[in-house]
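# Summary of structural features
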Number of protein chains: 2
Amino acid sequence: MEKTALKIHITQVEKSRINELDPDNIQFGKKYSDHMLIANYEDGEWQEPEIMPFQNFSLSPATTFIHYGQAIFEGVKAYREKDGNPVIFRPIDNWKRMNKSAVRMDMPEIPEEIFIEGMRQLVALDCKWVPTTDRTSLYIRPFMIATDEFIGVRPSEKYMFSIITSPAGPYYAKPMSIYVQDKYVRAFPGGIGNIKAAGNYGMSMYPSHMVKNMGYNEILWTDGFEHKYVQEIGTMNVFFVIGDKVITPDLNRGTILAGITRDSVITLLQEKGITVEERRLSIDEIEEAYHNGILKEAFGTGTAASVTSIAKLTYKDEEMVLPDPEQFKIVNWLKKELSDIRHSRKEDTHGWIFRV
Amino acid sequence: MEKTALKIHITQVEKSRINELDPDNIQFGKKYSDHMLIANYEDGEWQEPEIMPFQNFSLSPATTFIHYGQAIFEGVKAYREKDGNPVIFRPIDNWKRMNKSAVRMDMPEIPEEIFIEGMRQLVALDCKWVPTTDRTSLYIRPFMIATDEFIGVRPSEKYMFSIITSPAGPYYAKPMSIYVQDKYVRAFPGGIGNIKAAGNYGMSMYPSHMVKNMGYNEILWTDGFEHKYVQEIGTMNVFFVIGDKVITPDLNRGTILAGITRDSVITLLQEKGITVEERRLSIDEIEEAYHNGILKEAFGTGTAASVTSIAKLTYKDEEMVLPDPEQFKIVNWLKKELSDIRHSRKEDTHGWIFRV
């Protein structure tokens, strides 16, 4: 599709709230930028998007997504190039993935120009909200909800697509301590574990809370058949460095989100000549590698969390303490490489950087 | 718990919208009564509930349930006794089930007096919205959503519980045609298939839409391991009359909703001396019974759908056409029995009728 300047009606705030933001203490997901985008789907087509001051939605209590969870979202980040211009990291991939989620949830696909050009204009308008330091970014949250005022169970006829943005500090400040789940199940073949539907997250709150009470940061989910093969961590894909190979679960069973950071990491590792295996990985194999001293690194990847080291992995009674995450060679290299690309200190050879 | 008159602040509408309702043409879930109830949970406790005119919610676009689906609901019905007084059918059971959903979704349990006494006062205030004819009712929708304005994935600290009501005609006017699902999966052990979480319904829209396009009303879900054992239908539990026994899937694997109509039906059948087996039931067994001519009746049960006959069941290439549903002895008896109890034409020996 040609990149056209989609006409978006913009209503600007009278006074920016940017002064409320303390640039030295940016927390994840606490403050929202001055503006948001809204596009409604009605009568079988998308209406013209609008950018307006960030404000509350007015929704009937009978709005169908409230009751039946026909709701999807994406997570995208904007950074600043070394000269200060805002850039967005791989938004086209998020657009494509959002439309996969839309299809599975029986929602209308979002046109590229609404998603991408809408996001571009929103970030351009709120560009002073894109933080400048290396571990910060502007977190961009596109989402879509079903908006019929009807409480029968059926796909909605009306939808609202929206984008809000939020200056973001690191999601995890420290390496994670992970508990391998062997009771609750996040995703199953034939379900929706491979898309970003709201329902996937709500159902994980209770199991996650339980492991947090036990002193862990997150769950490593396993398959629902045998609780044997690892899937993903909370909001992240998972990687293990075993010997000289990097291993991550494959996407073939529809139970794992096709992470965009996951894809970036695989691409960068392969280009560096490191073997990456996408395949089923059992907890037994991880334990065996640990006992043989070849489990060198473990980490999670995601837009919110970027690349985050795993310091400890507990499976039943076995506590696997990894070597010092500060010394994780691959993780540290990936973090620097990704950071250099995002901030345009290194050439973008993959077309990942979208200039606002 | 003692039945106390919980103090609820009530703001009444200036003018009722009851005249908008055509009593001879009541459709499911299209019109909402004059008032609604809201109770907020903040600072670790439930605040005083309020009854107010039915009105839109004002919600931040960052409200956590919009993104992560921490949302649950119930379905309850009010009828009229033969003398015209409104009664609610088994609300205590819905309250208990809602709190089971709350626990699994890491949400606060709702006190009995807010749920029951709040519902009682709401229905009493809007009692003219309870339809009078036999196949109609006032559908009551209690629901709870997570209301923190925060887009990190974690359980919310604030919640809103609400009840809205809607005059309801029959959910299915005719016997259903059902397709046995052998690709998509609704629920698996360790998941949330046994609770009324919003996410369970959104994920079913696409598979349901596909079978509707093929000419069926609903999906009969099967287990995710082998697609062999039947679970439930769309918004209903499922029963099969095979020979002189009534068989329905048991609740032991956490994949099936513990329907309140299901329970009422089992109770009534057992009291009548009919054998009810709650156990695993394979599609093979159903097919075999069909071929042997002993598959006599099949039906779904649910609050919205009450007891609804199945006219046809299709599994892969096999189309099982049941005998004329108009002649279903057990279904017709159950419908009459339940209707007589709901409208107090028959004595309520089970404590199912809650007088408003």
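Scroll up for the structure.
These lines cover the structure that appears in this document, whether it is placed above or below. (Residues numbered from 1 in each chain as written. Chains lettered and ligands numbered in written order. Predicted model: local features only at pLDDT ≥ 70, side-chain atom pairs only at ≥ 80, totals over all residues. Heavy atoms only, no water.)

Attention shifts here to the overall build of chain A. Within chain A one finds eight helices and 20 strands. Relative to the compact-globule value of 21 Å for 356 residues, chain A shows a C-alpha radius of gyration of 21 Å, a close match. When the 356 residues of chain A are sorted by exposure, 63% land in the buried category. When contacts within chain A are restricted to residue pairs at least 6 apart in sequence, those whose partners lie at least 24 apart make up 71%. With an accessible surface of roughly 14,000 Å², chain A has 46% of that area assigned to carbon and sulfur atoms. (Helix = DSSP H or I, 4+ residues; strand = E, 2+ residues; numbered from the N terminus. Rg over C-alpha atoms; globule rule 2.2 N^0.38 Å. Buried < 20%, exposed > 50% of the residue type's maximum accessible area, 1.4 Å probe, protein only. Contact = heavy atoms within 4.5 Å. Areas by Shrake-Rupley, 256 points an atom, 1.4 Å probe, with all protein chains shown as cover.)

Now for the relation of the copies chain B and chain A. When chain B is fitted onto chain A, the two copies agree to an RMSD of 0.0 Å after a turn of 180 degrees and an axial shift of 0.0 Å. Here the symmetry operator amounts to a two-fold rotation axis. Relative to the rotation axis, the C-alpha of G199 of chain B is the closest in chain B, positioned 2.0 Å from it. Both copies share a contact surface, since 100% of the interface residues of chain B are interface residues in chain A too. (Least-squares fit on C-alpha atoms with pLDDT ≥ 70 in both.)

A separate point is the interface of chain B and chain A. If you look at the interface, chain B gives 60 residues, while chain A gives 62 residues. Here chain B is connected to chain A by zero salt bridges. On the surface where chain B and chain A come into contact, there are 20 residue pairs in polar contact (both at pLDDT 80 or more). The biggest single contributor to the side of chain B that touches chain A is helix 5 (residues 205-213) of chain B, with five residues. Tallied by class, residues from the side of chain B that touches chain A come to 36 nonpolar, 16 polar and eight charged. Inspection of the sheet shows strand 5 (residues 57-59) of chain A paired to strand 5 (residues 57-59) of chain B by three bridges, in the antiparallel sense. From the neighbouring strand, S58 of chain A faces strand 5 of chain B, where its bridge partner is S58 of chain B. (Salt bridge = Lys/Arg side-chain N within 4 Å of Asp/Glu carboxyl O. Polar contact = N/O pair within 3.5 Å; in protein donor to acceptor, adjacent residues only side chain to side chain. Nonpolar A, V, L, I, M, F, W, Y, C, P; charged D, E, K, R; others polar. Pairing = 2+ DSSP bridges.)

One pass over the full model with this rule turns up 33 aromatic pairs over all chains. The interplanar angle of 65 degrees and the centroid separation of 6.1 Å between the aromatic rings of Y41 of chain B and Y159 of chain B together place this pair among those described as edge-to-face. Remark: Y159 of chain B occurs in strand 10 (residues 159-168) and Y41 of chain B occurs in strand 2 (residues 35-42); sequence separation between them is 118 residues. The burial state of Y41 of chain B is the same as that of Y159 of chain B; both residues are buried. Ring pairing ties together the aromatic residues Y41, W46, F115, Y159 and F161 of chain A, which thus form one cluster. (Phe/Tyr/Trp six-rings, centres within 6.5 Å; stacked < 30°, edge-to-face > 60°.)

Structurally, H67 of chain B is set in helix 1 (residues 64-68). Given a relative accessible area of 1%, H67 of chain B falls into the buried group. Within the local environment of H67 of chain B, its side chain forms a polar contact with the side chain of R141 of chain A, the two groups lying 3.0 Å apart.

Residues and elements named next belong to chain B. In contact at an axis separation of 11 Å, helix 6 (residues 260-271) and helix 8 (residues 329-342) are set at 105 degrees when each is read in the N-to-C sense. Put simply, helix 6 runs roughly perpendicular to helix 8. Only I330, W333, L334, E337, L338 and I341 of helix 8 make contact with helix 6, whose side of the interface consists of T261, S264, V265, L268 and L269. Taken together, the residues that form the contact of helix 6 with helix 8 break down as eight nonpolar, two polar and one charged. (Axes fitted to C-alpha atoms, helices over the stretch in contact; angles between N-to-C directions. Parallel < 35°, antiparallel > 145°, perpendicular 65-115°, else oblique.)

Structural measurements only, silent on function.
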